[in-house]
Amino acid sequence: MMKYICDKKLLLISITVLLLFVACGSDKKEKKSEENTTTTTAFTRVLEDGKPNKDLFDLSVGLANYNFFQGIAVTAGQAGDFRQSDKNNFTVFLISDTKAAELPQELSLDSALASEMLNNHLIKGTYESDKLLKDSPIKAISGIELIFKKDGKKIKMSSPAFPGQSCTLKSPLKEFEVGKQNATNGIVYLAETCVFSPL
């Protein structure tokens, strides 16, 4: 009789452990599924069928700490230039909002100054990294020369018009390598500390 009771208890314990194991495995699968969904959602935010699906303006709007670009584009009356168009393809070099906060406020208020500031950080056409290095120096829309040099695996940008200003170019999004087209009508590089300011 005692043996029967013990066997029954062992059976119940085994079933309980098995159920707990299955339940834990199910939770892990659900969590993994949620993680995959999150990653996919973030990925398709800027990609569609493996290609960029946002224009330059919309892409920049989604970048934290890089809103200065939209502000001066609006002040300069050039925001529409960065919308999807067969005519308008640009390579844009964004400085960070942190760095922009050190600049005179007039740059965000005066249309002529805002336009000059913007055009100092803008090249007509889509320049991926290999083209930047091959064609350097390249004239920005404002007319200043931009120089691009390879530094190990990185690319550094500078300009003779602004001695002492030099920075390493970065990709704004993890989905894209540095120097690969990341917008439907051009490419955005993070230049962060390269401030080619008219003031």
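Our subject is the structure that appears above.
Note that the structure is predicted; figures quoted are calculated from it, not measured. (Residues numbered from 1 in each chain as written. Predicted model: local features only at pLDDT ≥ 70, side-chain atom pairs only at ≥ 80, totals over all residues. Heavy atoms only, no water.)

For the rest of this paragraph, the subject is the overall build of the protein. A count of helices and strands for the protein gives 7 helices and 9 strands. With 199 residues in all, the protein has 37% of them scored as buried. Intrachain contacts of the protein at a sequence separation of at least 6 include 62% that bridge at least 24 residues. (Helix = DSSP H or I, 4+ residues; strand = E, 2+ residues; numbered from the N terminus. Buried < 20%, exposed > 50% of the residue type's maximum accessible area, 1.4 Å probe, protein only. Contact = heavy atoms within 4.5 Å.)

What follows deals with the sheet that holds strand S4 (residues 122-124). As summarised here, the arrangement of the 3 strands in space is S4-S3-S9, forming an open sheet in which the pairing is mixed. A single partner strand is all that each edge strand has here, and the edge strands are S4 and strand S9 (186-192). Going from strand to strand, the sheet's axes swing by 15 degrees on average, the running direction of each strand aside. Sheet topology places strand S3 (residues 90-95) next to S4; 3 bridges connect them, and they run antiparallel. From the neighbouring strand, Val92 faces S4, where its bridge partner is Leu122. (Pairing = 2+ DSSP bridges. Axes fitted to C-alpha atoms, helices over the stretch in contact; angles between N-to-C directions.)

Now for the state of the cysteines. Applying the stated rule across the entire model yields 1 disulfide. Paired by a disulfide, Cys167 and Cys194 hold their sulfur atoms 2.1 Å apart. The chirality of the disulfide connecting Cys167 with Cys194 is left-handed, given an S-S dihedral of about -115 degrees. Placement of Cys167 in strand S8 (residues 166-168) and of Cys194 in the segment after S9 is noted, with a sequence separation of 27 residues between them. A residue is classified by how much of its surface remains accessible, and Cys167, at 5% relative accessible area, is buried. (Disulfide = S-S within 2.5 Å.)

Another point: the pairing of strand S7 (residues 154-158). By the alternation rule, side chains of S7 split into Ile155 and Met157, which are all buried, and Lys154, Lys156 and Ser158, of which none is buried. As defined by bridge partners, strand S6 (residues 145-151) adjoins S7 across 5 bridges and the pair is classed as antiparallel. Bridged to Lys149 within S7 is Lys156. What sits between S6 and S7 in their antiparallel hairpin is a turn of 2 residues, with Gly152 showing a positive phi close to 70 degrees.

It is worth spelling out the environment of Asp110 at this point. By secondary structure assignment, the location of Asp110 is in the loop between helix H5 (106-109) and helix H6 (111-120). For Asp110, a relative accessible area of 34% puts it in the partly exposed group. In the structure, Asp110 is positioned 34 residues away from Ala76 in sequence and 7.7 Å away in space, judged by C-alpha atoms.

What follows covers unusual backbone geometry. With an omega of 0 degrees, the peptide bond between Ser136 and Pro137 qualifies as cis. Tracing the chain through its elements places Pro137 in the loop between helix H7 (129-135) and strand S5 (138-139). Phi at Asn65 is positive, roughly 70 degrees, even though this residue is not glycine.

Okay, the sheet that holds S7 next. Taken in spatial order, the 4 strands line up as S5-S6-S7-S8 in an open sheet, and their pairing is antiparallel. With one partner strand each, in any of the chains shown, S5 and S8 form the two edges of the open sheet.

Within the secondary structure, Asn185 sits in the loop between S8 and S9. A distance of 3.1 Å separates the side chain of Asn185 from the backbone oxygen of Arg83, its partner in a polar contact. (Polar contact = N/O pair within 3.5 Å; in protein donor to acceptor, adjacent residues only side chain to side chain.)

What follows deals with the nonpolar core. Ranked by internal contacts, the top residues of the largest apolar core, which has 30 residues, are Phe82, Val92, Leu94, Leu103 and Met117. In this structure, Val92 is in contact with Leu56, Phe69, Phe82, His121, Leu122, Ile187, Val188 and Tyr189, ignoring residues within four places of it in sequence. Counting 19 residues, the second largest nonpolar core, distinct from the first, contains Leu146, Ile155, Phe162 and Ile187. (Core = buried A, V, L, I, M, F, W, Y, C linked by side-chain atoms within 4.5 Å.)

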